[in-house]
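Now for the letters of each chain:
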Amino acid sequence: MLNKCIFCGSSALPLLLCLYFVSVLLSVVVSEIVLGSKLSVTENKLWVSSNGDFALGYFNNPDHPNQYILGIRFDSDSIPVDKQVIVWVAGAELTVSNQSYFQLTQEGGLVLFDSSNGGVVWTSDTSGKSVSSALLQDDGNLVILDGNKDVVWQSFDTPSDTLLPGQNLSVHKMLRAQSRSSVSSYYSLYMSELGKLELRWETSVIYWVSGTPSNVSLRASLSSNGSFQLLDERSEAFWSVFAEDHNDNVKFRFLRLDVDGNLRVYSWDEDSVSWRSVWQAVENQCNVFATCGDHGVCSFGKSGLAICKCPFRLTMESNSKCLAPFEQSCDTRVSMVGYKHTSLYGIYPPNDSVIITSLDSCRSLCKKDPLCTAVTYLNDGTAQCRIKKTQYITGYIDPSLSSISFVKTCMDPLAVLPNTSPAAASPSSPSLSSSKPKKSYRLPIRFLIDAVLFGFCAFIVLQIAVGIWVYKWRVAIVRKQASSPYNGLISAGLVRWTYAEIKEVTQNFKDQLGPHSFKALLQKNQPALVKKLDTQIEDRRFRSIVSIIGGISHKNLVKLEGYCCESGHRCLVYEFLKNGSLEEFMCDLESCKRLTWRNRMLICLGVAKAISYLHTECRDFVSHGNLKCGNVMLNENLEAKVTEFGLQKLDGIDTYAEKDVEDFGKIVLYLLSGRQSSHEDVCEWSYNKWVSGYGWRVVDKRIEGEVEFEELERALRIAFWCLQFDERMRPSMGEVVNVLEGTLTVEPPPPPFHSRTLQEDRLTGAELA
Ligand SMILES: *[C@@H]1O[C@H](CO)[C@@H](O)[C@H](O)[C@H]1NC(C)=O
Ligand SMILES: *[C@@H]1O[C@H](CO)[C@@H](O)[C@H](O)[C@H]1NC(C)=O
């Protein structure tokens with residue numbers, strides 16, 4: 001019954017500390033790193049600070065023998081190799097291959113180069129700043145110095161997950177916890193503009209703050225005597241916490257945001273030859289938001305470890321999954337199951353509505369509200385009834401808690417069988433009703449073991465595929481760049497063009513391909529697409545956003561190859577795709593015929609993968625914001641590549657993932673039906689067809705050949721889930737991918753529109769329209 005939490009802090013710690021280790025390395029003490037100095041993976045060399053405490057070099061993750069990071073770690077003789085913790089990584093979580101090298105170039109930039117990944121993958125951007133040398137200081141700070149020995153760049157300004165004594169975390173900077181199983185961490189420590197430190201889950205949930213500052217703080221800093229402080233401009237501390245061994249004579253300390261979302265100070269303990277946690281921000285690990293993920297309930301054991309339990313089981317089978325508490329399609333017997341001393345909260349999105357009422361009416365309020373999934377009643381005198389309307393529930397349990405929770409549970413076992421779906425039960429789609437009953441679990445069951453394992457495998461496969469693809473295509477770029485007469489400044493693998501060059505390659509914008517986009521011919525007649533932007537954004541911001549976008553690469557995303565940023569002109573240079581956009585393709589009768597059922601399904605999947613990648617695997621969260629058929633390009637094999645992602649950032653707009661999910665739903669319906677009038681119409685029309693058992697009538701008549709009915713059912717269901725009016729009910733893109741691939745079954749969706757329900761239509765099975 002008890003699943004020991006896979007990500008609880010202290011238990012995962014030893015693993016983490018020894019995650020990276022080095023084979024045999026040659027240490028080279030360098031008082032100064034002169035221009036032209038170079039480290040490479042194959043040479044196994046390190047640059048060591050003059051006191052020998054820190055070393056810079058390539059470190060290898062034993063779980064991924066061919067992946068390296070370039071970072072700084074403790075290197076003192078008193079610390080055994082497996083405890084030499086990494087304190088900084090170039091490019092945060094960037095990994096490189098054994099082809100990589102790291103160099104302080106003659107121009108003065110620190111550059112991380114990986115030839116199997118297209119060249120420059122990270123740079124300090126200091127070329128041309130009259131740099132004369134670099135230095136790994138005794139405090140672990142890698143600095144680049146100019147002729148006057150002034151610091152022009154320092155690694156302390158770009159922290160990864162760790163803060164060393166003397167390092168400043170200034171306003172708007174953050175530490176981000178390391179990824180777990182290749183899923184970017186949701187946890188960060190953020191220094192807000194009000195001068196507060198916040199531990200955050202995604203950006204919306206703050207589960208710990210440092211206390212309200214009396215005046216605005218400029219930086220947070222860990223002192224070598226073991227206090228962690230907020231300091232004002234006169235460097236006076238106005239908020240401090242002290243490690244249990246503060247003022248003791250401790251040789252090494254660091255502060256780290258751990259993978260489990262807790263912030264800890266560690267000290268090196270000579271006696272036990274280990275790192276010891278001497279302070280942590282959140283005392284009870286169960287109070288770290290989402291410690292037990294979806295549907296897990298956290299309890300804080302005597303051992304001081306958080307234990308995740310899984311109370312929402314429908315069956316007692318030992319291998320049964322943590323089931324969702326709530327069955328949307330359960331209209332008969334709903335029961336409210338009570339859990340004492342339990343506090344529940346929603347994640348995705350994390351909001352409760354609070355009503356002051358009695359325990360009994362709290363329970364029945366939820367029972368009657370079709371959207372309510374669970375309630376927590378605070379029996380502490382406040383009489384708060386906290387109503388949760390999300391299906392992603394997590395929480396904690398503790399004998400000292402006076403709250404009691406009720407979880408809505410469906411007592412009707414039929415509700416979890418696939419053939420309760422109106423469409424599947426319908427005689428008009430025999431291919432579905434004859435399919436053997438599958439074990440079905442709810443769509444929103446996320447993460448826990450299955451998803452993680454699957455996601456991980458899928459990720460590896462994808463990595464390999466993407467790797468090969470990226471490799472081939474990057475080699476081509478590198479060749480091209482090498483032979484290019486344009487000395488474009490290269491940052492993050494992007495070529496910077498002058499406006500004159502853009503005019504030349506587009507022959508003065510002669511060949512227009514679409515609104516603001518033009519065909520260009522680069523070296524050897526290689527085509528590219530130039531998009532002219534209509535934005536007033538200032539140079540620096542433009543370049544920083546472009547370098548984020550340029551750093552994103554995925555098989556199903558159109559690659560940004562370069563840009564132009566010159567007085568008033570802003571252009572982007574994209575990879576060129578022969579077949580144009582999906583929209584043009586669908587509108588053209590001849591080309592539309594080439595879109596078979598299979599092609600269309602693969603396009604859906606490709607777009608879903610691309611968006612899922614943007615949402616979860618990029619370091620900076622990127623939503624697309626303008627996903628539509630016009631922004632889905634097709635290559636010569638009719639594979640989908642999404643373009644124009646991240647451009648909303650240029651206008652300072654931040655859209656939500658839920659908007660992309662909805663837009664994706666529209667694309668699916670368009671591909672299935674070939675209809676693209678107003679969204680409400682097509683959506684309502686196709687839902688009505690589907691719900692009354694005529695899902696196949698939705699299908700575009702222009703599709704020649706076979707239609708896979710099982711795929712159709714899946715695609716329709718997931719599209720309607722994506723189009724739910726209540727955006728909290730929309731799935732994540734990762735789930736969408738799994739459903740389209742058939743690895744996750746999906747429940748019949750409720751009507752996607754808000755104004756009325758189609759309950760009656762569904763009961764009579766009347767065919768509308
Ligand atoms: C580099 O990695 C590749 C696989 O990625 C491997 O085949 C090759 O042997 C490695 N080279 C060295 C020198 O380790
Ligand atoms: C940290 O901030 C203080 C105050 O602004 C400054 O004096 C000090 O040099 C900074 N330290 C580093 C390593 O940047």
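See above for the structure.
Position labels on residues start from 1 in each chain and follow its written sequence. Written order determines the labels here, with chains lettered from A and ligands numbered from 1. Totals for whole chains, interfaces and linings use all residues, but because this is a predicted model, local features are given only for residues with pLDDT of at least 70 and pairs of side-chain atoms are given and counted only at 80 or more. Values reported for side chains reflect all heavy atoms of the structure, with hydrogen atoms and water molecules removed beforehand.

**As for the sheet that holds strand 16 (residues 168-170)**
Within a sheet, each strand pairs with its neighbour through backbone hydrogen bonds, oriented either parallel or antiparallel.
At step 1: If you trace the 4 strands from one edge of the open sheet to the other, you get 16-21-22-23, paired in antiparallel fashion. Every other strand in the sheet has two partners, leaving strand 16 and strand 23 (237-242) as the edge strands with one partner each. Each strand axis lies, on average, 20° off the axis of its neighbour in the sheet, ignoring direction.
At step 2: We call two strands paired when DSSP finds no fewer than two bridges between them. Counting from the N terminus, the helices are the DSSP runs of H or I reaching at least four residues and the strands are the DSSP runs of E reaching at least two. Direction of pairing for strand 22 (residues 227-231) relative to strand 23: antiparallel, over a ladder of 5 bridges. Each bridged residue has a counterpart across the sheet, and for serine 227 the counterpart in strand 23 is phenylalanine 242. For every element, the axis is a line fit to its C-alpha atoms; helices are fit only across the contacting stretch, and the angle between N-to-C directions ranges from 0 to 180 degrees.

**Brief notes about the sheet that holds strand 17 (residues 174-176)**
At step 1: Strand order in the open sheet formed by 4 strands is 17-18-19-20, with antiparallel pairing between adjacent strands. Pairing within the sheet leaves two strands with one partner each, and these edge strands are strand 17 and strand 20 (205-209). The average undirected angle you get between the axes of adjacent strands in this sheet is 25°.
At step 2: As defined by bridge partners, strand 18 (residues 187-191) adjoins strand 19 (residues 197-201) across 5 bridges and the pair is classed as antiparallel. For leucine 189, the partnering residue across the bridge sits in strand 19 and is leucine 199.

**Structural notes on the site of ligand 2**
At step 1: Here, proximity means that at least one heavy atom of the residue falls within 4 Å of the molecule or strand. In the vicinity of ligand 2, the contacting residues are Gln154, Phe156, Gly166, Asn168 and Arg219.
At step 2: In protein, a polar contact means a hydrogen-donor-capable atom and an acceptor-capable atom, both N or O and within 3.5 Å, with residues adjacent in sequence counting only if both atoms are side-chain atoms; elsewhere, any N or O pair within 3.5 Å suffices. Side-chain polar atom of glutamine 154 to an oxygen atom of ligand 2: 3.0 Å apart, as the coordinates give it.
At step 3: Residue asparagine 168 places a side-chain N or O atom 2.3 Å away from an oxygen atom belonging to ligand 2.
At step 4: Counted by class, the shell around ligand 2 contains 1 nonpolar, 3 polar and 1 charged residues. Ten residue types, Ala, Val, Leu, Ile, Met, Phe, Trp, Tyr, Cys and Pro, are classed as nonpolar, four, Asp, Glu, Lys and Arg, as charged, and the remainder, Gly among them, as polar.

**Regarding the pattern of salt bridges**
At step 1: Salt bridge criterion: a side-chain nitrogen from Lys or Arg within 4 Å of a carboxyl oxygen from Asp or Glu. According to the stated counting rule, one finds 27 salt bridges in the structure shown.
At step 2: Residues arginine 386 and aspartate 352 are paired through a salt bridge, measuring 3.2 Å at the closest nitrogen-oxygen approach. With arginine 386 in strand 33 (residues 384-388) and aspartate 352 in strand 31 (residues 352-356), this residue pair connects regions lying 34 residues apart in the sequence.
At step 3: Arginine 600 is the salt-bridge partner of aspartate 700, the closest N and O atoms lying 3.0 Å from each other. On the criterion of sequence distance, the pair formed by aspartate 700 in the loop between helix 12 (679-691) and helix 13 (709-722) and arginine 600 in helix 10 (residues 597-616) is long-range, its members being 100 residues apart.
At step 4: On the accessibility criterion, aspartate 700 (6% relative accessible area) is buried.
At step 5: Each of Arg256, Asp258, Asp260 and Arg264 takes part in one network of salt bridges that share partners. Accessible area is worked out with a 1.4 Å probe on protein chains only. A residue is then buried under 20% of its type maximum, exposed over 50%, and partly exposed in between.

**Things to note about the state of the cysteines**
At step 1: We call a pair of cysteine sulfur atoms a disulfide when they lie within 2.5 Å. Enumeration over the complete set of coordinates arrives at 3 disulfides.
At step 2: Residue cysteine 286 pairs covalently with cysteine 298 via a disulfide, S to S 2.2 Å. When the S-S torsion is -75°, as for the bridge of cysteine 286 with cysteine 298, the disulfide is left-handed. Linking cysteine 286 in the loop between strand 26 (274-280) and strand 27 (297-300) with cysteine 298 in strand 27, this pair joins segments that are 12 residues apart in sequence. Just as cysteine 286 is buried, cysteine 298 falls in that class too.

**Examining the nonpolar core**
At step 1: Counting residues in each nonpolar core, the largest one holds 80 residues, and the members touching the most others are Phe542, Leu572, Leu582, Ile603, Val607, Phe664 and Leu740.
At step 2: When residues in this core are grouped by element, the largest group, 11 residues, is from helix 10.
At step 3: For this core, the domains that each give at least three residues are domain 5 (494-576) and domain 6 (579-769).
At step 4: By the convention used here, residues are in contact when the closest approach between their heavy atoms is within 4.5 Å. When residues no more than four places from it in sequence are discounted, the contact partners of phenylalanine 664 are Cys604, Val607, Ala608, Leu627, Cys722, Met733, Val736 and Leu740. In this description, a nonpolar core means a group of buried Ala, Val, Leu, Ile, Met, Phe, Trp, Tyr and Cys residues linked to one another through side-chain atoms lying within 4.5 Å. What counts as a domain boundary in this text is fixed by an automatic or database domain assignment.

**Remarks on the packing of aromatic side chains**
At step 1: Between rings of Phe, Tyr and Trp, where Trp is taken as its six-membered ring, a pair exists when centres lie within 6.5 Å; planes separated by under 30 degrees are stacked, by over 60 edge-to-face, and by other angles tilted. Counted by the stated rule, this structure contains 28 aromatic pairs.
At step 2: Centroid distance phenylalanine 74 to phenylalanine 252: 5.4 Å. Interplanar angle 65°. Geometry classified as edge-to-face. With phenylalanine 74 in strand 7 (residues 64-74) and phenylalanine 252 in the loop between strand 23 and strand 24 (253-257), this residue pair connects regions lying 178 residues apart in the sequence. Residues phenylalanine 74 and phenylalanine 252 agree in their burial class; the two are buried.
At step 3: Between tyrosine 186 and tryptophan 201, the aromatic rings sit 5.1 Å apart at their centres with planes inclined by 55°, giving tilted as the arrangement. Of this pair, tyrosine 186 sits in the loop between strand 17 and strand 18 while tryptophan 201 sits in strand 19, placing them 15 residues apart in sequence.
At step 4: The exposure class assigned to tyrosine 186 is partly exposed, which follows from its relative accessible area of 22%.

**Re the side chain of asparagine 599**
At step 1: By the element assignment, asparagine 599 lies in helix 10.
At step 2: Owing to a relative accessible area of 17%, asparagine 599 belongs among the buried residues under this scheme.
At step 3: Excluding residues that lie within four positions of it along the chain, asparagine 599 makes contacts with Arg594 and Leu638.

**Things to note about unusual backbone geometry**
At step 1: Although it is not a glycine, lysine 149 sits at a positive phi angle of roughly 65°.
At step 2: You can see lysine 149 is positioned in the loop between strand 13 (142-146) and strand 14 (151-154).

**Considering the packing of helix 13 against helix 14 (residues 733-741)**
At step 1: It is the contact of helix 13 with helix 14, at a shortest axis distance of 9 Å, that shows an interaxial angle of 165°. Our classification of the angle between helix 13 and helix 14 gives roughly antiparallel. For helix 13 against helix 14, the interelement crossing comes out right-handed. Facing Arg714, Ala715, Ile718 and Cys722 of helix 13, the residues of helix 14 in contact are Val736, Val739, Leu740 and Glu741. Note on terminology: angles under 35 degrees are roughly parallel, angles over 145 are roughly antiparallel, angles of 65 to 115 are roughly perpendicular, and the others are oblique. Two helices that cross are described as forming a left-handed crossing if the nearer one is turned anticlockwise from the farther one by less than a right angle, and a right-handed crossing if clockwise.

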